[in-house]
Amino acid sequence: MKNIFIYIVLLWSTLSFAQNDQLAQYYYDKGDFEKAKISYEELLNGSPSNTQYFLRTVDCYQQLQKFDIAEKAIQDRYNKYKQGVFLVELGYNFQLQKNDAKAKSYYEQAIEKIKTNPNDVYGIGNSFEKKVLLEYALKAYQTAMQIQPNYNFNFQIGMLYGQLGKTDQMIDLLLTESYQNPQNANLIQSQLARFMNGETDNTAFKDAMRKALILRTQKDQDVFWNHYLSWFYVQQKEFGKAFIQEKAIYKREPESLMSIVNLSQFAMNEDDTDTAEEILNFILQNTKDLDLLVQTNSYLMQIKIDKAQEKDYPNITAELQQLLTTYEITPFTLSLQIIQAHFLAFNLKKTEEAKAIIKKALELNLNDYQEADAKMELADILLLEEKYNQALIYYSQIQLNLKNDVMAHEASLKAAKTSYYKGDFEWALKQFKELKAASTQLIANDALEYFLLINDNTVADSTQTALKQFAKGDFLIYQNKKQEAINQFLSILKTYKGQEIEAVTLLRLGKIYESLKDFNSALSQYQQIIDNHNTGIYIDEALFFSAEIYNDELHDIEKAKPLYEKVIFNHQDSIYFVDARKKYRELRGDKNL
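Residues numbered from 1 in each chain as written. Predicted model: local features only at pLDDT ≥ 70, side-chain atom pairs only at ≥ 80, totals over all residues. Heavy atoms only, no water.

Caption draft 1: Main features of the overall build of the chain. Across its full length, the chain carries 32 helices and zero strands. Against the globule reference of 25 Å for 593 residues, the chain gives a C-alpha radius of gyration of 31 Å, more extended than a compact globule. Across its three principal axes, the chain shows a C-alpha extent of roughly 85 × 65 × 65 Å. Here the chain holds 593 residues, and the buried ones make up 47% of them. Within the chain, counting contacts between residues at least 6 apart in sequence, those at least 24 apart form 50% of the total. A total of about 31300 Å² of accessible surface is found on the chain, and carbon and sulfur atoms cover 50% of it. Looking at charge distribution, the chain has the averaged site of its 66 positive side-chain charges lying 4 Å from that of its 80 negative ones. (Helix = DSSP H or I, 4+ residues; strand = E, 2+ residues; numbered from the N terminus. Rg over C-alpha atoms; globule rule 2.2 N^0.38 Å. Buried < 20%, exposed > 50% of the residue type's maximum accessible area, 1.4 Å probe, protein only. Contact = heavy atoms within 4.5 Å. Areas by Shrake-Rupley, 256 points an atom, 1.4 Å probe, with all protein chains shown as cover. Lys, Arg positive; Asp, Glu negative; His and termini not counted. Charge placed at Lys NZ, Arg CZ, Asp CG, Glu CD.)

This is the structure:
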């Protein structure tokens, strides 16, 4: 009984202490430093050796301009523990009072402390960094390395160079550190990537990185630098240049194609299909691995189908059949079987043949993910045939069998779209609302788009008449009936001119015309959004899509630049902001935005 009582008291004390900590933090974050000071003083009394509570208490004194009390507290702490970090705190306390001479004196004492006790560098260097005293932090780490050559603060020094604008020194030191200590390369690359992709101007930094890496590949024949340069080009989405480096590596180390396979995935994910095709063909020529051969052929066939016109369909049909004859119908060739079924259903409109292929595949000894892939395709074909309820059954099975998996979220999204296509907007809205928080950004963005579409047009028209017509148009797009979809959306524009549905209808028409390479018609739709719906939620898309057409398709950069510029300066919350900024800088050819 006594032990239970002690346990209850200890538990209550711990919970009470945690609550006091949260309360102190709450007051501090709120800017109520008087109450925060009292709370932290109480916490410090209960745990006198806690440095975090002590520093936060001192911070509160300083925020309240009680510098004398802060100085006495820090000095007493230093006298007791003799830690150099408190010399930095004393110096900073004088700096806040604009007494730079005394501040400098204490900072120099802290540096001297490192000379007598190098271990103090950890606290001193960190304290200087937190207070953005970067030159002193740099001096602290350099001093420690001079006293103890076995200490390694190259990473910290390199990052400080970067923050001080000494990018050449940063790059040189961090690249050297990567080479000498490869175990740190991933950490260093993540920080270099942060500098390259930061919010501030980074063109000069990228140029310096490129030059430094090219020089090292020229001076040193170690493939380490080819790997590093390939990584750099991938960060810039220059996959063709990365491929040149990867081929050079493979020529000298032909044991594995994995880096080249990964590069093909990066290129495909960024829709650089020309480079992806080149890489995939290289893989085919240099592997005998069955899985890799099947997967690579699958990717190549998908690229061909995506680019194909109707006149290409017979050749694609023959190629798919030849591949399946060569590699046979097994679980290993499931990806090819699914591509063949999808092509038959969505391109050739032969849904019965397509379903037969998938049902035969489901009889194979598939693992859970393969079975889900096959069921997803079968559900997609059933949806194509307007067999909504049958499609929903298969989507639901995937959700149930692979709970919380990305594939389950994809099935949930498709189920929500199925409900939307058949006009069950209330249920679809609930599903899209949940999927807005999906961990996969593409699914979350897609769900948000449909949520806003249904919600906005339900508020504007409680009968949902226009929305039903719009969903019919979307379903025609899904069925790959583009001309019928165009006619449907044009009818909506005529019937509901000036209403809520107009802007998104123009956007849909624009995307269909783009897919048909009718860029002038696409631009016309987007221009109507820009002219007549410039305060709506689709204006950033209209601007960005127009800029992309002028830049990538019509090669009219003078028309593209002002459109990118409007996205950058007027729509900073747009999902296209980062891409617009990058393209704008490329077109301007300057280093300042």
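Caption draft 2: Local environment of the nonpolar core. Of all hydrophobic cores here, the largest spans 91 residues; its most connected members are Y420, F432, L453, F470 and Y564. Aside from chain neighbours lying at most four places away, what touches Y420 is F425, A428, F432, Y450, L453, I454, L467, F470, A471 and D474. Within the second largest apolar cluster, 86 residues are counted, among which are F128, A193, F195 and Y228. (Core = buried A, V, L, I, M, F, W, Y, C linked by side-chain atoms within 4.5 Å.)

Caption draft 3: Inspection of the pattern of salt bridges at higher detail. Tallied over the entire structure, the rule returns 32 salt bridges. One salt bridge in this structure joins D32 and K35, with 3.9 Å as the shortest N-O distance. Accessibility expressed as a relative area gives 22% for D32, which makes it partly exposed. Residue K166 is joined to E135 by a salt bridge in which the shortest nitrogen-to-oxygen separation is 3.9 Å. Remark: E135 occurs in helix α8 (residues 134–147) and K166 occurs in the loop between α9 (154–163) and α10 (167–180); sequence separation between them is 31 residues. Residue classification places K166 among the partly exposed residues on the basis of a relative accessible area of 29%. A relative accessible area of 45% places E135 in the partly exposed class. (Salt bridge = Lys/Arg side-chain N within 4 Å of Asp/Glu carboxyl O.)

Caption draft 4: Local environment of the side chain of S419. Looking at the element boundaries, S419 is found in helix α23 (residues 406–421). On the basis of relative accessible area, S419 is assigned to the buried category, the value being 1%. Residues in contact with S419, not counting those within four places in the same chain, are D424, W427, A428 and Q431.

Caption draft 5: Structural detail: the packing of aromatic side chains. Scanning all chains against the criterion turns up 38 aromatic pairs. On the numbers, 5.4 Å between centres and 20 degrees between planes, the contact of F128 with Y136 is stacked. Assigned by exposure class, F128 and Y136 land together as buried. Between F470 and F489 the ring centres are 5.2 Å apart and the planes differ by 55 degrees, which places this aromatic pair in the tilted class. Separated by 19 residues along the polypeptide, F470 in helix α26 (residues 465–478) and F489 in helix α27 (residues 482–495) bring together distant segments of the chain. (Phe/Tyr/Trp six-rings, centres within 6.5 Å; stacked < 30°, edge-to-face > 60°.)

Caption draft 6: View of helix α16 (residues 273–285). With 13 residues, α16 ought to run about 18 Å at 1.5 Å a step, and its terminal C-alpha atoms sit 18 Å apart, in line with that. Residues of α16 that are buried: T275, A276, I279, L280, F282 and I283. Taken around the axis of α16, the buried residues stretch over an arc of 155 degrees, which confines them to a single face. What points out from α16, more than 90 degrees from its buried face, is the exposed set D274 and Q285. Buried residues along α16 sit in contact with α14 (239–252), α15 (258–269) and α17 (290–307). (Expected span 1.5 Å × (residues − 1). Arc of directions from axis to C-beta.)

Caption draft 7: Representation of the environment of E253 within the structure. When you line up the elements, E253 lands in the loop between α14 and α15. You can call E253 partly exposed: its relative accessible area is 34%. With 207 residues separating them in the primary sequence, E253 and A460 have C-alpha atoms 63 Å apart. In contact with E253, not counting residues within four places along its chain, are V223 and H227.

Caption draft 8: Local environment of helix α5 (residues 85–96). Here α5 contains 12 residues, and its C-alpha end-to-end distance of 17 Å stays within 8% of the 16 Å for a straight helix at 1.5 Å per residue. By the burial criterion, the buried members of α5 are V85, F86, L87, V88, E89, L90, G91, N93 and F94. On its buried side, α5 packs onto α3 (51–63), α4 (67–81), α6 (100–116) and α7 (121–130). Of the residues flanking the end of α5, it is K98, one or two places downstream, whose phi is positive at about 65 degrees.

Caption draft 9: Just the packing of helix α19 (residues 334–347) against helix α21 (residues 368–384), in detail. Viewed as axis vectors pointing N to C, α19 and α21 meet at an angle of 0 degrees, and their least axial separation amounts to 10 Å. Comparing their axes, α21 and α19 come out roughly parallel. Here L334, I338, A341, H342, A345 and F346 of α19 lie close against α21, whose contacting residues are Q370, D373, A374, E377, D380, I381 and L384. For the contact of α19 with α21, the per-class residue count stands at eight nonpolar, two polar and three charged. (Axes fitted to C-alpha atoms, helices over the stretch in contact; angles between N-to-C directions. Parallel < 35°, antiparallel > 145°, perpendicular 65-115°, else oblique. Nonpolar A, V, L, I, M, F, W, Y, C, P; charged D, E, K, R; others polar.)

Caption draft 10: Quick look at the confidence of the model for the chain. Summing up the model confidence of the chain, the mean pLDDT is 92 and the portion of residues at 70 or higher is 95%. Averaged over each element, pLDDT in the chain is lowest for helix α1 (residues 2–30) (62) and highest for helix α20 (residues 351–361) (98). (pLDDT = per-residue confidence, 0-100.)

Caption draft 11: Broad picture of the packing of α26 against α27. Across the interface, α26 lies against α27 with an axial gap of 8 Å and an inter-helix angle of 165 degrees. Here α26 is positioned roughly antiparallel relative to α27, judged by the angle of their axes. Our pair here, α26 against α27, has a crossing hand that is left-handed. Residues Q469, F470, K472, G473, D474, L476 and I477 of α26 touch α27, and the partners they reach there are E484, A485, Q488, F489 and I492. Tallied by class, residues from the contact of α26 with α27 come to six nonpolar, three polar and three charged. (Left-handed = near helix turned anticlockwise from the far one by under 90°.)

Caption draft 12: Quick look at unusual backbone geometry. You will see that N404, though not glycine, has its phi angle at about 65 degrees, which is positive. Looking at the element boundaries, N404 is found in the loop between α22 (388–401) and α23. By relative accessible area, N404 is classed as exposed at 72%. Of note in this structure, K517 is not a glycine but carries a positive phi near 65 degrees.

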